[in-house]
Amino acid sequence: MEAVVEQLATNATAGSVDQLAEVILPSILLQDLRYALRRLRGAPGFTLVAVLTLALGIGANTAVFSVVNTVLLRPLPYTDPDRLTLLWTNFGIDLPQNWLSGPEFEEMREFNTAFEEIGVVIPTTSSLIGAGDPEQLDVAGASGAFFAVLDVEPQLGRLMTDEDDHGAADKVLVLSDGFWKRRFGADPGVIGTTLNLDGQVFTIVGVLPPDFQILHPDAQFPKSVDVWVPLVPLFGSMYGLNDYSEAPRAAHGMRGFGRMKPGITLTRAQADMDAVARAMQEKSPDYYDFEGWGITVLSLHDDLVEDVKPALIVLLGAVGFVLLIACVNVANLMLVRAAGREREIAVRSALGAGRGRLIRQLLTESVTLGVAGGGFGLALAFALVRAVTAFAPANLPRGEEIGLDLGVLMFTLIVALGAGLVFGLLPALFAGKEGLVDSLKEGGRGATAGVRGRRARTGLVVAEVALALVLLAGAGLMIRSFDRLLGSDPGYNPEKVLTLHVPLPMSTSGERAVSFWDQLLLRSAALPGAVSAGAISHLPLSGSAMSGTTRIENSETVPEDQRAWEVDRRVVSADYFRTMGVPILRGRAFSEADNSAGQPVAVVDEVFVRHFWPNEDPIGQRIAINRDENGEPLWREVVGVVAHSRHNNVAAVGREQAYFPYKQYPFARMYLTVRTAVEPLSLARTVQREVWSLDANQPVADVQSMKERVASALAQPRFALLLLGSFAFLALVMAAVGIYGVISYSVSQRSHEIGIRMAVGADRGTVVSYVMRQGLGVVAVGLILGAAAALGLTRLLGGLLYEVSASDPLTYAGVVFILAAVAALACGLPALRAARFQPVEVLRRE
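For every chain, the first residue of its written sequence is number 1, and the numbers climb from 1 along that sequence. Only residues with pLDDT of at least 70 get local features here, since the model is predicted, and only at 80 or more are side-chain atom pairs given and counted; chain-wide, interface and lining totals rely on the full set of residues. Note: side-chain values were computed over all heavy atoms of the structure, leaving out hydrogens and water.

Participant: Any chance you could explain the overall build of the protein here in plain terms?
Facilitator: Looking only at helices and strands, one finds 24 helices and 21 strands in the protein. Each residue is placed in one exposure class: buried if its accessible area under a 1.4 Å probe, protein chains only, is under 20% of its type's maximum, exposed if it is over 50%, and partly exposed if it falls in between. Among the 846 residues that make up the protein, the fraction classed as buried is 53%. Excluding contacts between residues fewer than 6 apart, the proportion of contacts in the protein whose partners are at least 24 apart in sequence is 80%. In these tables, accessible area is a Shrake-Rupley quantity obtained with a 1.4 Å probe, and a residue counts as shielded only by the protein chains included in the view. In the structure as shown, the protein presents an accessible area of about 36900 Å², 58% of it carried by carbon and sulfur atoms. Every helix listed is a DSSP run of H or I at least four residues long, and every strand listed is a run of E at least two residues long, numbered separately from the N terminus. By the convention used here, residues are in contact when the closest approach between their heavy atoms is within 4.5 Å.

Participant: How should the pattern of salt bridges be read in this particular structure?
Facilitator: If the charged atoms of two oppositely charged side chains come close together, the side chains can form a pair. Any Lys or Arg side-chain nitrogen found within 4 Å of a carboxyl oxygen on Asp or Glu counts as a salt bridge. What the rule picks out here adds up to 30 salt bridges. Across the pair Arg182 and Asp226 runs a salt bridge, and its minimum N-O distance is 3.5 Å. On the criterion of sequence distance, the pair formed by Arg182 in helix 6 (residues 177–184) and Asp226 in the loop between strand 7 (200–207) and strand 8 (227–230) is long-range, its members being 44 residues apart. A salt bridge links Arg512 to Asp695, with the nearest nitrogen and oxygen atoms 3.2 Å apart. One end of the pair, Arg512, is in helix 15 (residues 510–525); the other, Asp695, is in the loop between helix 18 (684–694) and strand 21 (701–705), and 183 residues separate them in sequence. Judged by relative accessible area, Asp695 falls into the buried class, the value being 16%. The network of salt bridges with common partners includes Arg74, Arg398, Glu401 and Asp405.

Participant: Looking at this structure, I do not really get the pairing of strand 10 (residues 293–299). What am I missing?
Facilitator: Taking burial as the measure, the seven residues of strand 10 include six buried ones, the bulk of the element. A pair of strands is considered paired only if DSSP assigns at least 2 bridges between the two. Note that strand 1 (residues 84–91) and strand 10 share seven bridges and pair antiparallel. Bridge pairing in strand 10 places Leu87 opposite Val297.

Participant: Explain the side chain of Asp198 here, please?
Facilitator: Within the secondary structure, Asp198 sits in the loop between strand 6 (194–197) and strand 7. Residues in contact with Asp198, not counting those within four places in the same chain, are Thr125, Ser126, Ser127, Pro505, Met506, Ser507 and Arg669.

Participant: Help me out: how do you make sense of the packing of helix 15 against helix 18 in this one?
Facilitator: Two quantities define a packed helix pair, namely the angle between the helix axes and the distance between the axes. At a minimum axis separation of 10 Å, helix 15 and helix 18 run at an interaxial angle of 145°. Crossing of helix 15 over helix 18 shows right-handed handedness. Here Phe516, Gln519, Leu520, Arg523 and Ser524 of helix 15 lie close against helix 18, whose contacting residues are Val687, Glu690, Val691, Ser693 and Leu694. Within the contact of helix 15 with helix 18, the residues separate by chemical class into five nonpolar, three polar and two charged. Helix axes are fitted to C-alpha atoms over the stretch in contact, other axes to C-alpha atoms as well, and angles between N-to-C directions run from 0 to 180 degrees. Two helices cross in a left-handed way if the nearer one is turned anticlockwise from the farther one by less than a right angle. They cross in a right-handed way if the turn is clockwise. Three categories are distinguished: nonpolar for Ala, Val, Leu, Ile, Met, Phe, Trp, Tyr, Cys and Pro, charged for Asp, Glu, Lys and Arg, and polar for the others, with Gly belonging to the last.

Participant: Sorry, what's going on with the environment of Met334 here?
Facilitator: Positionally, Met334 belongs in helix 10 (residues 309–340). Placed 288 residues apart in sequence, Met334 and Phe46 show a C-alpha to C-alpha distance of 8.7 Å.

Participant: How should I be thinking about the packing of helix 4 (residues 102–111) against helix 8 (residues 266–283) in this particular structure?
Facilitator: Look at helix 4 against helix 8: their axes get within 10 Å of each other, and the N-to-C directions meet at 125°. Taken as axis vectors, helix 4 and helix 8 run oblique relative to one another. For the pair helix 4 and helix 8, the sense of crossing is right-handed. Contacts from Glu104, Glu107, Met108 and Phe111 in helix 4 reach Met273, Val276, Ala279, Met280 and Lys283 in helix 8. Looking at the contact of helix 4 with helix 8 residue by residue, the classes come out as six nonpolar, no polar and three charged. Put simply, angles under 35 degrees are roughly parallel, angles over 145 are roughly antiparallel, angles from 65 to 115 are roughly perpendicular, and the rest are oblique.

Participant: Before we go on, may I ask you to explain the pairing of strand 3 (residues 135–142) in this structure?
Facilitator: In the case of a regular strand, side chains alternate between the two sheet surfaces. By the criterion of burial, strand 3 is predominantly enclosed, with seven of the eight residues buried. In this sheet, strand 3 lies alongside strand 2 (residues 115–129) in antiparallel orientation, the contact comprising eight bridges. Bridged to Thr124 within strand 3 is Val139.

Participant: Before we go on, may I ask you to explain helix 23 (residues 809–835) in this structure?
Facilitator: Turn by turn, an α-helix covers 3.6 residues, leaving residues three or four places apart pointing in a common direction. Between the first and last C-alpha of helix 23 there are 37 Å, a value that for 27 residues agrees with the 39 Å anticipated at 1.5 Å per step. Taken residue by residue, helix 23 has Thr811, Tyr812, Val815, Leu819, Ala823, Ala826, Cys827, Gly828, Pro830, Ala831, Ala834 and Ala835 as its buried positions. Multiply 1.5 Å by the residue count of a helix minus one, and that product is the helix's expected span.

Participant: Before we go on, may I ask you to explain unusual backbone geometry in this structure?
Facilitator: Most peptide bonds adopt trans geometry, and most residues besides glycine take a negative phi value. Here the phi dihedral of Ala186 falls at roughly 60°; this positive angle occurs in a residue that is not glycine. By relative accessible area, Ala186 is classed as partly exposed at 30%. A positive phi angle, near 55°, is found at Glu803, a position not held by glycine. Residue class for Glu803 comes out exposed when judged on its relative accessible area of 54%.

Participant: Looking at this structure, how should I read the packing of aromatic side chains?
Facilitator: Aromatic rings considered in pairs are described by the distance between their centres and by the relative angle of their planes. In this scheme Phe, Tyr and Trp rings, the latter by its six-membered ring, pair at centre separations within 6.5 Å, and the angle between planes marks the pair as stacked below 30 degrees, edge-to-face above 60, and tilted otherwise. By the definition in use, this model includes 19 aromatic pairs. For the pair Phe146 and Trp228, a centre-to-centre distance of 5.6 Å together with 20° between the ring planes defines the contact as stacked. Taken together, the residues span a long stretch of sequence, with Phe146 in helix 5 (residues 146–150) and Trp228 in strand 8 at a distance of 82 residues. Across this residue pair, the class does not change: Phe146 and Trp228 are buried. Judged by centre distance (5.9 Å) and plane angle (65°), the rings of Phe147 and Phe212 are edge-to-face. Separated by 65 residues along the polypeptide, Phe147 in helix 5 and Phe212 in the loop between strand 7 and strand 8 bring together distant segments of the chain. Assigned by exposure class, Phe147 and Phe212 land together as buried. Pairwise contacts between aromatic rings join Phe146, Phe147, Phe212, Trp228 and Phe257 into one cluster. Over the ring of Trp99 we find Arg255; its NZ or CZ atom is 3.6 Å from the centre of that ring. Both a distance and an angle decide whether a charge sits over a ring: NZ of Lys or CZ of Arg must be within 6 Å of the ring centre and within 35 degrees of the ring normal.

Participant: Just checking my understanding: could you explain a nonpolar patch on the surface for this structure?
Facilitator: Patch building starts from residues that exceed 30% relative accessible area and form no salt bridge, then joins like charges within 9 Å and nonpolar side chains (Val, Leu, Ile, Met, Phe, Trp, Tyr) within 5 Å. Judged by side-chain polarity, Val371, Leu406, Leu409, Met410, Leu413 and Leu417 come together as a nonpolar surface patch covering roughly 520 Å² of accessible area. No other element matches the five residues that helix 13 (residues 406–430) contributes to the nonpolar patch. Mapped onto the elements of the fold, Leu409 is located in helix 13. Judged by relative accessible area, which is 35%, Leu409 ranks as partly exposed.

Participant: How should the environment of Leu312 be read in this particular structure?
Facilitator: Tracing the chain through its elements places Leu312 in helix 10. In this structure Leu312 touches Val67, Val68, Val71 and Leu72, once residues within four positions along its chain are discounted.

Participant: How should I be thinking about the environment of Arg669 in this particular structure?
Facilitator: Take Arg669: it is sitting in strand 20 (residues 669–676). For Arg669, a relative accessible area of 12% corresponds to the buried category. Put simply, Arg669 and Leu504 are 165 residues apart on the chain and 5.2 Å apart in space, counted from C-alpha to C-alpha. Contact partners of Arg669, with chain neighbours within four places excluded, come to Thr124, Thr125, Ser126, Asp198, His501, Val502, Pro503, Leu504, Pro505, Met506 and Ser537. Definition of a polar contact: a pair of N or O atoms within 3.5 Å, with one able to donate and the other able to accept a hydrogen when the atoms are protein atoms, and with sequence-neighbouring residues admitted only if both atoms are side-chain atoms. Among the polar contacts listed, one links the side chain of Arg669 to the backbone oxygen of Thr125, at a separation of 2.3 Å. A distance of 2.7 Å separates polar atoms of two side chains, one belonging to Arg669 and the other to Asp198.

Participant: Can you walk me through the confidence of the model for the protein in this structure?
Facilitator: Interpretation of the predicted coordinates at a detailed level should be avoided for regions scoring low in pLDDT. pLDDT: the predictor's confidence for each residue, scored from 0 to 100. Averaged over all residues, the pLDDT of the protein is 83; the fraction at 70 or higher stands at 86%. Across residues 1–25, confidence stays below pLDDT 50; counting only partners more than four residues off in sequence or on other chains, it has 11 contacts. Note that residues 442–449 has pLDDT below 50 and, in this model, 10 contacts with residues that lie over four places away or in other chains.

Next comes the structure, spelled out in structure tokens:
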């Protein structure tokens, strides 16, 4: 201190107030910090409990924020990501977001004025042959300017251009970094060599950078693409196309990306595309002759996170409640500790310490605790982030990037400092209050401060119970919802079904495809352990889909101008419905007689029937999915009605579904389904050998049991339930500890009163009842306030719930009962301890 005083004198002589402050403030703060550390070191039990409580709250917040930061806040890994958009065509209420067709893509590029460049891409698969074992590759067919939209530069060679994307161009491809390293050992001499994809030879011209990935909300788009190929050379040779304008206008399959010009907003880009849509309608009035046609422009980032954003916001709010409960617990501990320090604070006040000085000292202690809790919480967050990423659903955008970066570390520091101020503020405000001086008097109890402290602790318990009830209500609703989801009928029986993808080359003729699948189905059904075998073009929950405009001939309820509808389409084998356990509700399934020589037929699902023929017999009705050369519909007779299959989402009913026999609608790339009497995956290798016995160059991919696919589809709600349930359990434990601590301290403070009551005749039951009434009365207030808050806040869960109301009375009754029971236990333990008091001993101590 002498050195400080000497420095102060020097600075005072110099007359510099700023320099005085520079010396005084650090010295005082350092003195407060040293004193706070001594006090905390002198109360190891209190310090350990407080730091661990804060570490749990801060660690959980840090882990969840790392997910939110990566998925919702971090910019996409592209140049100027705010200028990137997705482009969808809008076909009215039945199809508000559809992909683009070739002519639409060409006209968007031609007519727009708001975009620097527009590109399209189609995800597909191809068989790599002639280089060891056949392998199915994830392939993306992209327009020549696609990489210009994302502003990507190659790490080796060159990328595709518009010159590569027409029918007369040489077939070239670009490798992903991962495939280049895996298949070619990162050999730079790979440029100029060739790959055989589905019988077509492509020349390798470039390799993409290691950090490049394509981000798209479409579930069909793979997280990693092996090779990139120009679109027209990939598909055009099969259909005789030389450019996009020659493709059918109704062939929608292209995912559209756009890069807006600098300074263009989304609103301006949408207005520009509205004008483009009108120009397209004027150019092709017969095709766009319906209400609702348009083009939708969406931010790439916003569309990417749209499905997961509500769940992440709910989880961030829930974990924030956990931190608040932790702060309430520590605040209660500090109030109890402050009550024990009344005499010390009164002495310091009498010696001249002002109220501001006392508040600063206590806040220094609380902030020190907060920072210590933040440090341990950060260590805990490392483990929690690993657990979160391990259980995160595969379709969580950018899930592989989740980690603790500088932004998350800054968040942790701010939370730690904020928590220290929050839980330290109330105890600090009591410091130096009038009435503390009573503690200096002999036998003084600081009655005024004690009453204030009890009221504050009671208020904190009420808040803690209310917060815990909100979290428990949310978790209870999620549990009820998930239970309903597990018990829902997906429209098929996933038990003991093996599924695998057998993608014949896209150039496979219809006759060859039918012959291959005929043989494979017969061989698979005859395998030991197999019950039956079927095939389908687009398997439920596989991420694949096909839809198209389907026309019906007659309907009593649907006007004639609305009888063309976008319908999900499936091509199946005769035994598919039996193999998958899809119930036949009316009519019949397909048979072997439904071949190219037979009457064209179709099977529709119950949703299709409810839409078009709610009061009619669907059997014998006619639908059309394409037209003849004269533009007349090619009609198919409906021969059966099946249950609706939850195809894209087990939690939602999808669009109307129509099925066609594969012998009348040959489809090369289908999924094989085998119902087994044994564990499904035990037959996988045997089935694979049957495929190779038919074609040694034919890869087999995506081998899973149907039960695994259902489990994967439930990953996102399971993830949200796991986190929310964990936070609710943590809140319940913290609330119980907080209630126990307050009631236990109250019992110890009132031991004299309880001793007198027992001395004048109160029995143990009366004492237990007295303590329990006090504790449960406080809990009841918290339950009432918590229930009211939960009814409002749990409405945010509406989009995450399945067949459960956000105000479900059974859930609320259950969580109130659980929390009340835990609170009763927390109150009961101190009550039983009070009942064991010996009046003589208590009064002697007093």
